[in-house]
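Now for the letters of each chain:
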Amino acid sequence: MQDVFYTYLAAAVEEPKESNDKWYIPEWVTDLGSQFRDITQTFQDLMSGKLIKDAIDGVVIGWTDEFLAPLYGTFAKSYLFTPHIADIKAVFVGWSIISIISLVALLVGIGMLSIQIIKGKKEMGQLLKVFLWSFISAGVSLSVMNFINVGLNWLTQLTLAGIIGKADITYQNLTGEEILKSLVIGIDSITNPAYAGMSLGQLMAETEGGIFILFFDVSGIIVPSFVLSMLKSIIVIIMAIFVGLWIAYTAYSGKLETLVGFINIYTRTLFAGYLMAVYWAIFVKAQTDFGADIGFMSDIGIHPAIAAPITAIVLFVLLFFVWLRPVWLAAKMPVHLNGGQAVEKLGTFGHRSSMALNAMGKRFGSEALQRKGLSWSQSSNRVADVGRRMQERNVQKAIMKSIMTGGGSEALQGVKYEAPAVWKHKTGNVVMKEAGQEVTNHGLNLLDIPAHELEHQLKPEGFVSGAVIRVDQESRGDMEKIVGHLEQTYGKGIAYNAGTGELLVEKTVRPVMRELQDAQIKSAASHGYTKNGVFIDSDKQDIRRFTKSEASRETLDALTEKLPVYTKTNLSTTEAQSAYNQLSEKGKQYPWVKQLKLVNGQLWIPEIDMPEILPLLQNLRTESTPYVRFDLPRGSQYLADLEQQLRSSGDTDLLAGFEANVTENYIMVRETQAKRLEEVHKLYRENRLPFWRTMSGKIMVIIDGMPVDHGQQPLNGMDMGSFEKLQADMLRQHEGTSKKKGGK
């Protein structure tokens, strides 16, 4: 692009005429020679086709500039930014007229509802609040919409400055020609005055690709962008003018579908404009970088002028699905603006995304992701259900008639009420990691030291010969009588544990054994080595600590550091073998692996490395257990009571892993206990009477298919939540049944 610029400047500046220093040649001869050279060059250009090409290019460029000139105003006002609708006089006048009509209609509704409330129909209070909010919303609607536009324009300015890298430019003040020139040569078209004298057609013709790029840019980018900019402005203007009418209709119909549809289309329109601005900024940046021989386009060797028409197609396809198609569907339903279907699609998309998240959680072993996926899935299903209910035109009318007639219209139509057909809905599964039985260790042993070498290893550490004498149960009473005598006689070399009936003897084993025999105390001795209350059996090589003194603890710690002391885990034979095999493959990661011992189906681990090994063994014992989530009927509030009944039942199998979430109204149990939960849930319902609460606080129960005011909450009641939700479901069900009969 810089080559084009330099070529243009070179053409714009005349070369200085050479001085005529050949005084003997007349000036007319020099002029005649110059004219002859011009004729020769013109003839050469004609023969080579250059003259014809230049002529065609000039015509095409001229036509292009004439064609594009009327479009510049639209690009300047609405391509990058959204117009300030409150500043447009026609919009303000139109909005004022429609708003006055809407406000009057809302005032009439407010007056009628106030009269009904005065007459004692307190249930109309909620509807009155809706009308009051609608009245306020209609009055400030234009200001709110204009404020949103201003906020979006501020965000767009920041975005453009961030992408292009020029924060000192006020992009909202750019002319339409500057906006389009920037697409061709980058931001230099704005910052470099040299390009001001060149038309847009000239710039496009002189880029790589010439007239062909000019044609594709005009037909593939500029014209479609002009149409989309015009459409964006028209939609925003129409929505601004008629917003009061849609608000009033929402209040009178009691359906949020219209309001949701309005917000949906308005948001999509603003987002579409923002996308077009971002696309423009990206390619302005690409053109600028390409001229400086940097950036992605320069790296892959594709000129942005060639890539722009191709990527523009991608943008237009995206805008079709994100914006144009929803706008068309809403235009076919100008009263409701297709809001119900938009909400339903949002819920359906949310459900699919949530279940995908749940699947990812299973794949990566994340319980949190699985739980979030199921929770969001249930919420999305409710959103989709709301969207479907919005599209049911007759149900809201039937509810209004029922409110006005005190339920008489339902009786005339033969609407039948019934409890939920499905009491729990299986939402999905969660695979949880359960630690299983805790891995513990017990006992100490010198496995690696043969019995005949034990004395040589222990005596240098200060151990002396000793024994543990186990007194028989029937002789322990007699033993306690002579313990005092033994302690006085042999001093600190004696330690007796009355709980286990074991006597630790240091050095003086034979004299003590003779005294026990003389006292006719039955006993058996295990010989070994002892120090400070720590005893090592010479046959079994077991290590025991008989006293809790600090000296015995220090002795045991020193022994563990200097000699290979092992402790036995509580793993079963199968688990021990499996753990030993798995850990044996991780010798490079854990240096203690080579010291593990598998003896008679028992896994022994080094005592000194025990704090590191036990958590690893616990992880190996972890099991993947599938859980099932069941959601209770929508709006029901009896889960807390059901949970209390279940926990008081003492059903350990069912309660193992049982989880009740009262806030989100669901239960999770192990998959193996799903049928058991169904049985317990059914038994719980059999002895209880379902009841519903109205907005005014009445307690309603169903008797013979009709809602009846029960007066007080039943003692054996089961709280099912809002009566109004039940009413809407029953009217919807009745309408569906009527349609089926009519179809037959």
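Heads up: the structure comes first, above all this text.
Attention in this report is confined to the structure presented alongside it.

What counts and what doesn't
- Residues numbered from 1 in each chain as written.
- Predicted model: local features only at pLDDT ≥ 70, side-chain atom pairs only at ≥ 80, totals over all residues.
- Heavy atoms only, no water.
- Helix = DSSP H or I, 4+ residues; strand = E, 2+ residues; numbered from the N terminus.
- Buried < 20%, exposed > 50% of the residue type's maximum accessible area, 1.4 Å probe, protein only.
- Contact = heavy atoms within 4.5 Å.
- Areas by Shrake-Rupley, 256 points an atom, 1.4 Å probe, with all protein chains shown as cover.
- Pairing = 2+ DSSP bridges.

## Overview of the overall build of the protein
In terms of helices and strands, the protein carries 27 helices and 18 strands. The buried share of the protein, reckoned over its 744 residues, is 42%. Put simply, 72% of the contacts in the protein that link residues at least 6 apart link residues at least 24 apart. Of the roughly 41000 Å² of accessible surface on the protein, 59% is carried by carbon and sulfur atoms.

## Some points on unusual backbone geometry
For Leu337, which is not a glycine, the phi torsion comes out positive at approximately 55°. Tracing the sequence through the fold places Leu337 in the loop between helix H13 (304-331) and helix H14 (339-364). Judged by relative accessible area, which is 7%, Leu337 ranks as buried. Phi is positive for Gln520, which is not a glycine, with a value near 60°. Mapping Gln520 onto the fold places it in the loop between helix H20 (509-518) and strand S6 (523-531).

## Observations regarding the pairing of strand S11 (residues 602-606)
With respect to burial, S11 is a largely interior element, four of its five residues being buried. As paired elements, strand S9 (residues 566-569) and S11 share three bridges and run antiparallel to each other. Bridging across to S11, Tyr566 finds its partner in Pro606. As defined by bridge partners, strand S10 (residues 597-599) adjoins S11 across three bridges and the pair is classed as antiparallel. From the neighbouring strand, Val599 faces S11, where its bridge partner is Gln602.

## Thoughts on the side chain of Ser225
Positionally, Ser225 belongs in helix H10 (residues 210-253). By relative accessible area, which is 4% here, Ser225 ends up buried. Those residues in contact with Ser225 that sit more than four places away from it in its chain are Phe75, Tyr79 and Phe316.

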